[in-house]
Amino acid sequence: MSELATICGVGTTKFGKQPETPARELAWEAVSEAILDAAITPGQIDAVFAGTVFGDPGVATRSLQQLGISGVPIITIENACASSTSAFHEGCASISSGRYETVLAFGIETMTASFSGAISPIPSDPEGAQGFAMPALYGMSAARYQHEFGVTDEQLAAVSVKNHGHGRHNARAQHQKAPTIDEVLESPVISSPLTLLQCCSIADAAAAAVLRPPGTPGGVRVLSSSLKSGGLWDQRSELVWGWQIVADTARAAYEEAGVSALDIDVFEVHDAFTIGEIVTTEALGLAELGAGGRLVESGHTTLGGNQPVNPSGGLLSRGHPLGATGLAQIAEIVWQLRGDAGPRQVPDARLGVVETMGGGTAGVDGNACVVTVLETPASRNAISPA
Amino acid sequence: MQRAGSTENAPMPADPRPEFVKEGEKYLLVGGRCRSCGLVSAYVPPICSCGQAGQVQSCEFGPGGTVFSSTVLHIPVPERPPPTCLAYVDVDDGPRILAHVDLGLGVAPLPGDQVFLAGRNSLGDPIVKFDQKTRLVGTGVNDE
């Protein structure tokens, strides 16, 4: 297997509504943890790739200077919900090409500075100008799946129950209470058929990862990283929004890593809404088209199942700080592959996948999708059972 | 989505929503069709996605369409108090557009239901109307 880069350290803040905490303090917490975890000094960082969506201009530079990270290239990327996994992707590429030796990938978002509830639609977008909020996009996918494949309300709710159940073991998650199927379905309808407990909350948070060259001892190996924007999603598209871009991105990532979906031990995927996880698990190859609802019901993707999905609790439990979410997913898989995930540890996890999906543009199958395949550190790999 | 910061005094962006014309009692969607590959869209770009330049000609579509999916949104969005019904509609021989559904009959359309274009509502949003009597039967989910 090839290796693009090594993840030598990760860090995140807690996730939640924390408007009293300035962005710089969120950044300090996540970046400091990553730097200490990697056992490097800030002065060793050659470049920063940052992801944010609603962050003020200059938020990355402003946040990092007092940690001694200055005088190096700091490049900020906006790619909707996949902003910080796009930053991670570019960081890996810059390491792999030999351009830099040590890169900080960093994501930050203070959602409560911009919103009190759902994200307002963009008025310059043809659909956003109609008041088309993201819950409605996913509501339509769920309605289509119910019509076409018979996905049930209970199967949709099962995603929420599973991920909130996982989140009970994640002290950094915003929500740590697991509802029942009935509680999920009896919560207020947000966009039919999706109810409140099937929609992620907004959050303020930061997350970071330190990347070093392939072969760096003790680090998690980045076997592949694929980034795509969506093709046209129009009257020719029989699949719901977002299915094809995830499938295409995953195929590229699997091929680059030389693995298949069956080889993967643990996944972190973009479950901003319950239907999102159902669609994504199909597109990642865990289930046939239309079988994602039955997959979650089967327990296959629950902790203790064969291929746990979102052991962190996912976006549904953690909350969704758009620009920080991708690197939070990366951090979770790194902890899983190092055996550091505590009560939510997937036993003997050797291969992990992160998938992040970003949307918000009319007529295309997503602004961006990133899929990356990560492998346990070489030393741990050598002593783990086959 | 909206950028952070005050937009109080900012001018409204140019209206990006699809345009319609009224012919008699019918509303038609104004869009484009590529003379080279036949691809239709709600716009007339200078280059088609097939790569041909200058081949997309303006044309009209409708007035009928088929619902790809729909949802009833129960949270407030700017200027649109809930509930609002939205649908992706595949306009007959034309593009897929997002439209608001006139819920005059109190029933949201299902995938496969037939609708017809009804111009724009008071906010300028594309709107479609749905006659429940046209709902196809025998397709399982749609059955009464």
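Residues numbered from 1 in each chain as written. Chains lettered and ligands numbered in written order. Predicted model: local features only at pLDDT ≥ 70, side-chain atom pairs only at ≥ 80, totals over all residues. Heavy atoms only, no water.

## With respect to the nonpolar core
Residues and elements named next belong to chain A. Within the largest apolar cluster, 62 residues are counted, with the highest numbers of intra-cluster contacts made by Y254, F267, I275 and V373. When residues in this core are grouped by element, the largest group, eight residues, is from helix α7 (residues 243–257). Those residues in contact with F267 that lie beyond four places of it in its chain are Y254, A261, L284, L286, Q307, P308, V309, N310, P311, I333 and V353. Core analysis: the next-biggest nonpolar cluster, separate from the first, contains 35 residues, L4, I7, I77 and V346 among them. (Core = buried A, V, L, I, M, F, W, Y, C linked by side-chain atoms within 4.5 Å. Buried < 20%, exposed > 50% of the residue type's maximum accessible area, 1.4 Å probe, protein only. Helix = DSSP H or I, 4+ residues; strand = E, 2+ residues; numbered from the N terminus. Contact = heavy atoms within 4.5 Å.)

## Considerations on the pattern of salt bridges
Two side chains with opposite charge may pair up if their charged atoms get near one another. Applying the stated criterion across every chain, the model contains 19 salt bridges over all chains. Here E277(A) makes a salt bridge to K162(A), at a shortest N to O gap of 2.8 Å. Separated by 115 residues along the polypeptide, E277(A) in helix α8 (residues 274–283) and K162(A) in helix α5 (residues 153–167) bring together distant segments of the chain. Residue E277(A) is classed as buried on the basis of its relative accessible area, which comes to 2%. According to the relative accessible area criterion, K162(A) is buried, its value standing at 6%. Connected through shared salt-bridge partners, D15(B), R17(B), R80(B), R120(B) and D125(B) make up one network. (Salt bridge = Lys/Arg side-chain N within 4 Å of Asp/Glu carboxyl O.)

## As for α7(A)
Residue and element names in this part refer to chain A. A rise of 1.5 Å per residue sets the reference length of α7, with its 15 residues, at 21 Å; its end C-alpha atoms lie 21 Å apart and thus fit the reference within 8%. W243, I245, V246, A247, T249, A250, A253, Y254 and A257 are the residues of α7 that are buried. Taken together, the buried residues of α7 touch α4 (134–149), β8 (220–228), β9 (266–268), α8, β10 (351–358) and β11 (368–375). Where α7 ends, the next residue or the one after it, G258, has phi of about 75 degrees, a positive value. (Expected span 1.5 Å × (residues − 1).)

## A look at a negative patch on the surface
All names here are of chain A. Together, D153, E154, D182, E183, E186 and E297 give the surface a local cluster of negative charge. Elements that contribute at least two residues to the negative patch include exactly α5 and α6 (181–186). By residue number, the principal contributor to the negative patch is α6, which donates three residues. Mapping D182 onto the fold places it in helix α6. On the basis of relative accessibility, which here comes to 49%, the residue D182 falls in the partly exposed class. (Patch = residues over 30% accessible without salt bridge, like charges linked within 9 Å, V, L, I, M, F, W, Y side chains within 5 Å. Areas by Shrake-Rupley, 256 points an atom, 1.4 Å probe, with all protein chains shown as cover. Lys, Arg positive; Asp, Glu negative; His and termini not counted. Charge placed at Lys NZ, Arg CZ, Asp CG, Glu CD.)

## Some words on helix α1 (residues 23–38) of chain A
Residue and element names in this part refer to chain A. Here α1 contains 16 residues, and its C-alpha end-to-end distance of 22 Å stays within 8% of the 22 Å for a straight helix at 1.5 Å per residue. Residues L26, A27, A30, V31, A34, I35 and A38 constitute the buried set of α1. The buried residues of α1 occupy an angular sector of 145 degrees when the element is viewed end-on, so they sit on one face. For α1, the secondary structure elements touched by its buried residues are β1 (5–12), α2 (59–64), β4 (103–110) and β7 (204–212). A positive backbone phi angle near 55 degrees is found at A39, which sits one or two residues after α1. (Arc of directions from axis to C-beta.)

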